[in-house]
Amino acid sequence: MTVTVTPVAPATAPVKAVVLAAPEAVTPYPKPYNNETYKPTHPGRFRVVFDQSAGAGESFSSKLVAERDYAPGETLALLDNKSAAPVKAYSSVQYGAGPNDHLELNSDLLFMNHSCAPTVEMVLPSRQPERWEVRVGPAGVKKGGDLTFFYPSTEWDMAQGFTCSCGAKTHTSQNCLGEINGAKYLTLEQLEERGLVNDHIRALKAGQ
Ligand SMILES: [Zn+2]
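Predicted model, so just to flag it, every value in this text is computed and none were measured.

Cut-off values and rules
Residue numbers run consecutively from 1 along every chain, following the written order of its sequence. This being a predicted model, a pLDDT of at least 70 is required before a residue's local features are given, and a value of 80 or more before pairs of side-chain atoms are given or counted; all residues contribute to the totals for chains, interfaces and linings. Where helices and strands are cited, they refer to DSSP runs of H or I of at least four residues and of E of at least two residues respectively, numbered from the N terminus. Put simply, a residue is buried when 20 or more other C-beta atoms lie within 10 Å of its own C-beta and exposed when 12 or fewer do; between those, it is partly exposed, and each C-beta is set from the backbone. Two strands are said to pair when DSSP picks up at least two bridges between them. Placing C-beta atoms from the backbone, we regard two residues as in contact once those atoms come within 7 Å. Angles shown run from 0 to 180 degrees and are taken between the N-to-C directions of axes, each axis being a line fitted to C-alpha atoms and, for helices, limited to the stretch in contact. Put simply, a nonpolar core is a cluster of buried Ala, Val, Leu, Ile, Met, Phe, Trp, Tyr and Cys residues tied together by C-beta atoms within 7 Å.

K.L.:
So what exactly am I meant to see when it comes to the overall build of the protein here?
P.N.:
On a plain count of helices and strands, the protein comes out with two helices and twelve strands. The order of α-helices and β-strands along the protein, N terminus first, is β-β-β-β-β-β-β-β-β-β-β-β-α-α. Taking all 208 residues of the protein together, 29% fall into the buried category.

Rendered as structure tokens:
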């Protein structure tokens, strides 16, 4: 008789922590405010359209638009200039369940607005930062189209909540949710109706 012993991974396999580049180790991204100083980080792929009505100051009406057509599921951009975020901020993106698991994009992707019916997805598979990317959603995106993602797909409890005015219609399953404060305040169904739910958000939701 032959006894086959199946090797079993130790029950407490060490979990490799994600270590992101320090802010000073990536290409600096001085946030542009208008066309005069703006140099696209991904020319030919997407660009920032500034809301000039706000003058020279900060505006939340600026947006990111596609510079060509994208097929469903196509990679819009890898997060290849990301860095560890010193603090959770309006500009940071959450990639894990820990209190310090936030990154800065350091590119024009910063200008992706939130939508309750988003056109792209922020894809952050657990502990695989080399694969983190923005992926085009199931409807694809046409040249000139807005590039938006559903903030609660990455954010659990946002630094700054806001009242959404995306205008997504109430007759679809992706109607506008109004107050956006993070996944903590939504049901799993509301999250799943709007596309990808990242691993860390699922884990936090399961433990809620
Ligand atoms: Zn909305």
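K.L.:
What's the story with the pairing of strand β8 (residues 120-123) in this structure? I'm lost.
P.N.:
On any regular strand, side chains alternate: one points to one face of the sheet, the next to the other face. Residues Val120 and Met122 line one face of β8 and the alternating positions Glu121 and Val123 line the opposite face, and both faces are buried. In this sheet, strand β9 (residues 133-136) lies alongside β8 in antiparallel orientation, the contact comprising four bridges. Bridged to methionine 122 within β9 is valine 134.

K.L.:
Explain the environment of tyrosine 29 to me, please; I cannot follow it from the model alone.
P.N.:
Inspection of the secondary structure puts tyrosine 29 in the segment before β1 (46-49). Given 18 C-beta atoms within a 10 Å radius, tyrosine 29 is considered partly exposed. In contact with tyrosine 29, other than residues within four places in its own chain, are Asn106 and Ser107.

K.L.:
What am I meant to see in the sheet that holds β8 here?
P.N.:
Hydrogen bonding along the main chain pairs the strands of a sheet, whether they run parallel or antiparallel. The strand order across the open sheet formed by three strands is β3-β9-β8, and the pairing between neighbours is antiparallel. At either margin of the open sheet sits one strand with a lone partner, and together these are β3 (75-78) and β8. On average, adjacent strands in this sheet sit at an angle of 15 degrees to one another, irrespective of strand direction.

K.L.:
Help me out: how do you make sense of the environment of valine 48 in this one?
P.N.:
Note that valine 48 resides in strand β1. Overall, the presence of 21 C-beta atoms within 10 Å leaves valine 48 in the buried class. Sequence separation between valine 48 and asparagine 35 is 13 residues; the distance between their C-alpha atoms is 8.9 Å. Sequence-distant contacts of valine 48, that is, excluding residues within four places in its chain, are made with Pro32, Tyr38, Ser62, Leu64, Asp108 and Phe111.

K.L.:
Could you clarify how one ought to interpret the nonpolar core in this entry?
P.N.:
Nonpolar side chains in soluble globular proteins tend to end up buried together. Ranked by size, the top nonpolar core spans 31 residues in total, and within it Leu76, Val120, Met122, Val141, Leu147 and Phe149 carry the most contacts. With three residues, β8 is the single largest residue contributor to this core. The residues touching valine 120, leaving out its near neighbours within four places in the chain, are Leu76, Val134, Arg135, Val136, Gly137, Val141, Leu147, Thr148 and Phe149.

K.L.:
Got a minute to help me understand the sheet that holds strand β5 (residues 93-94) in this structure?
P.N.:
In space, the three strands of this open sheet follow the order β4-β6-β5, with antiparallel pairing throughout. Across the chains shown, the open sheet's two edge strands, defined by having one partner strand only, are β4 (83-84) and β5. As paired elements, β5 and strand β6 (residues 102-104) share two bridges and run antiparallel to each other. When the sheet's bridge partners are listed, glutamine 94 is paired in β6 with histidine 102.

K.L.:
Which parts of the structure should I look at to understand the pairing of β9?
P.N.:
Because side chains alternate across β9, one face comprises the buried residues Val134 and Val136, and the other comprises Glu133 and Arg135, none of which is buried. Direction of pairing for β3 relative to β9: antiparallel, over a ladder of three bridges. When the sheet's bridge partners are listed, alanine 77 is paired in β9 with valine 134.

K.L.:
Got a minute to help me understand unusual backbone geometry in this structure?
P.N.:
The general pattern is negative phi for most residues beyond glycine and trans for most peptide bonds. Of note, asparagine 106 is a non-glycine position whose phi angle comes to about 55 degrees, a positive value. Residue placement: asparagine 106 occurs in the loop between β6 and β7 (113-114). Despite not being glycine, arginine 127 shows a phi value in the positive range, around 55 degrees. Note that arginine 127 resides in the loop between β8 and β9.

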